[in-house]
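Per-entry structural report
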Amino acid sequence: MRRLLIGLTATTVLVTASACGSSDSGSSDKGSSSGGVTTVKVGLIPIVDVAPLYLGQAKGIFEKHGLKLDVTTAQSGAAIVPGVVSGQFQFGFSNVTSLMIAQTSNVPVQAVANAIASTGVQGKDFGAVTVKKDSAIKTAKDLEGRTVANNALKNINETAVRASVSKAGGDPDKVKFVEMAFDQMPAALDSGQVDAAMVVEPALATVKSQGGREIASPFLDVAPNLTIAMYFTSTQYQQQNPELVKKFQEATAESLAYADSHPDEARDIVTTYTKIPAAVLGDVVLPKWPAEPNRASIEALAKLGEQDGLFKSSPDLDKLLP
């Protein structure tokens with residue numbers, strides 16, 4: 001666990017160094033206000049999951065609630081956690097495993113709004129384990145002895161892939177996981193740098209456009225309709241700025257509902273913050289954006305995370321979840 005905390009500290013430095021969008025290297029806890037609108041810094045991953053926030057900003061939903069989002073992107077939720085805790089961001093997007101790892105390591109985080117869930121449809125989810133068209137790998141069991149790309153090691157995607165391997169009758173301890181950004185996975189898979197890749201949209205659509213195949217839907221192997229990620233803040237920021245947190249919660253909920261009912265607009269907004277080719281856009285599988293997290297699915301994920309040795313202690317979901 002000391003390695004985890006050291007990693008979180010190192011990542012804070014990396015995230016801070018890569019932050020963009022403001023010439024002010026400092027960050028006020030209360031953000032900056034102008035004309036009744038408060039600017040809050042948000043850490044996001046450039047994937048389809050966060051489309052509702054970009055869409056909500058474009059449609060004036062956040063402005064209606066008195067907020068403006070200043071977005072910085074990172075490779076993973078694990079990278080965003082230290083940025084929020086250090087005050088680099090007021091809010092962040094992270095998978096729930098990263099939040100549980102943080103909480104059980106005494107990192108002061110608090111989930112404040114739902115983000116995404118699996119589609120719940122095998123073979124038609126927004127995340128999948130993929131291989132090249134001519135790969136000898138046919139099922140998750142065949143991943144034994146193979147190299148699988150994940151955006152973050154010892155985290156939700158690794159747990160999900162391990163669940164798929166176990167379900168297929170394989171030994172997940174025989175799989176080699178390597179860390180890689182989602183947008184780098186299609187090329188790495190195509191070139192043979194890795195044998196398989198756990199990708200999410202829009203990288204999944206790119207892999208398919210290259211002739212790649214899906215061999216498993218790992219999120220479904222964890223739990224039906226799995227809650228995968230949430231938006232969060234630090235416990236300190238929540239305590240000091242309850243009204244701003246409430247505004248963010250309300251604006252996010254409205255943005256989730258809008259994205260869920262306007263899928264074409266959600267797809268279109270993805271092109272503004274990712275490298276997805278326009279020709280591939282129509283093949284992007286959108287996740288579900290429900291208003292509330294699925295508690296039972298998070299409990300199942302927590303149990304698997306404990307089996308994988310990710311937590312220092314059992315996560316306290318009553319304290320972590322909104």
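1. Looking at the packing of aromatic side chains
Within this structure, the stated rule accounts for 7 aromatic pairs. Ring centres of F91 and F248 lie 3.9 Å apart, and the angle between their planes is 5°; this geometry places the pair in the stacked category. Placement of the pair is F91 in strand β4 (residues 91–95) and F248 in helix α11 (residues 242–261), with a sequence separation of 157 residues. F91 gets classed as buried once you look at its relative accessible area, which sits at 0%. Seen in terms of ring centroids, Y231 and F248 are 6.1 Å apart; in terms of plane orientation they differ by 75°. Their pairing is edge-to-face. Within this pair, whereas Y231 is found in strand β11 (residues 227–234), its partner F248 is found in helix α11, the two being separated by 17 residues in sequence. An identical accessibility class is assigned to Y231 and F248; each is buried.

2. Some thoughts on the packing of α11 against helix α12 (residues 263–270)
Running from N to C, α11 and α12 point in directions that differ by 105°, and their axes come no closer than 5 Å. Accordingly, the angle class assigned to the pair α11 and α12 is roughly perpendicular. Contacts from Y258, A259, D260 and S261 of α11 reach α12 at P263, E265 and A266. Taken together, the residues that form the contact of α11 with α12 break down as 4 nonpolar, 1 polar and 2 charged.

3. Notes on unusual backbone geometry
Residue P202 is reached from E201 by a cis peptide bond, and omega for that bond is 10°. Locating P202 in the fold gives a position in the loop between β9 (196–200) and α8 (203–209). A positive phi angle, close to 50°, is found at K154, a residue other than glycine. With a phi close to 55°, N225 is a non-glycine residue in the positive phi region. Along the polypeptide, N225 turns up in the loop between α9 (218–222) and β11.

4. Observations concerning the confidence of the model for the protein chain
In this model, the protein chain carries an average pLDDT of 89, and 89% of its residues clear a pLDDT of 70 or more. Scored below 50 in pLDDT, residues 1–29 makes 39 contacts in the model with residues more than four places away or belonging to other chains.

5. Observations concerning the pairing of strand β2 (residues 37–44)
Among the 8 residues in β2, 7 count as buried, and that is most of the element. In the sheet, β2 pairs with strand β3 (residues 67–73) via 7 bridges, with the strands oriented parallel. Among the inter-strand pairings, L44 is bridged to a residue of β3, identified as T73.

6. Topic: the pairing of strand β8 (residues 176–179)
Here strand β7 (residues 147–150) pairs with β8 via 4 bridges, running parallel. Looking across to β8, one finds that V148 is bridged to F177.

7. What to know about the sheet that holds β8
If you trace the 5 strands from one edge of the open sheet to the other, you get β8-β7-β9-β6-β10, paired in mixed fashion. Two strands close off the open sheet at either side, each with one partner strand: β8 and β10 (213–216). Strand-to-strand twist across the sheet, computed as the mean angle between neighbouring axes with direction ignored, equals 35°. Alignment of β7 against β9, held across 2 bridges, turns out to be parallel. Looking at the pairing, A149 lines up with A197 of β9.

8. Considering helix α13 (residues 295–307)
Over its 13 residues, α13 extends 19 Å from the first C-alpha to the last, a length consistent with the 18 Å expected when each residue adds 1.5 Å. Residues S297, I298, L301, A302 and G305 constitute the buried set of α13. The buried residues of α13 occupy one face: seen down the axis, they fall within an arc of 140°. Structural note: α13 exposes K303 and Q307 on the side pointing more than 90 degrees away from its buried face. Buried residues in α13 make contact with α5 (96–104), α6 (156–167), α9, β11 and α14 (317–320). Between the side-chain oxygen at the start of α13 and the backbone nitrogen of A296 there is a gap of 3.2 Å, and the oxygen is on N294.

9. Re the nonpolar core
Counting 103 residues, the largest nonpolar core has F93, L143, Y231 and F248 as its most contacted members. Setting aside residues no more than four positions away along its own chain, L143 makes contact with V129, I137, V148, V161, V165, K174, V175, A196 and I215.

10. Considering the side chain of T206
If you trace the backbone, T206 turns up in helix α8. With residues near it in sequence (within four places) discarded, T206 still touches P186, I276, P277 and V280.

The rules behind the values
Residues numbered from 1 in each chain as written. Predicted model: local features only at pLDDT ≥ 70, side-chain atom pairs only at ≥ 80, totals over all residues. Heavy atoms only, no water. Phe/Tyr/Trp six-rings, centres within 6.5 Å; stacked < 30°, edge-to-face > 60°. Helix = DSSP H or I, 4+ residues; strand = E, 2+ residues; numbered from the N terminus. Buried < 20%, exposed > 50% of the residue type's maximum accessible area, 1.4 Å probe, protein only. Axes fitted to C-alpha atoms, helices over the stretch in contact; angles between N-to-C directions. Parallel < 35°, antiparallel > 145°, perpendicular 65-115°, else oblique. Contact = heavy atoms within 4.5 Å. Nonpolar A, V, L, I, M, F, W, Y, C, P; charged D, E, K, R; others polar. pLDDT = per-residue confidence, 0-100. Pairing = 2+ DSSP bridges. Expected span 1.5 Å × (residues − 1). Arc of directions from axis to C-beta. Polar contact = N/O pair within 3.5 Å; in protein donor to acceptor, adjacent residues only side chain to side chain. Core = buried A, V, L, I, M, F, W, Y, C linked by side-chain atoms within 4.5 Å.

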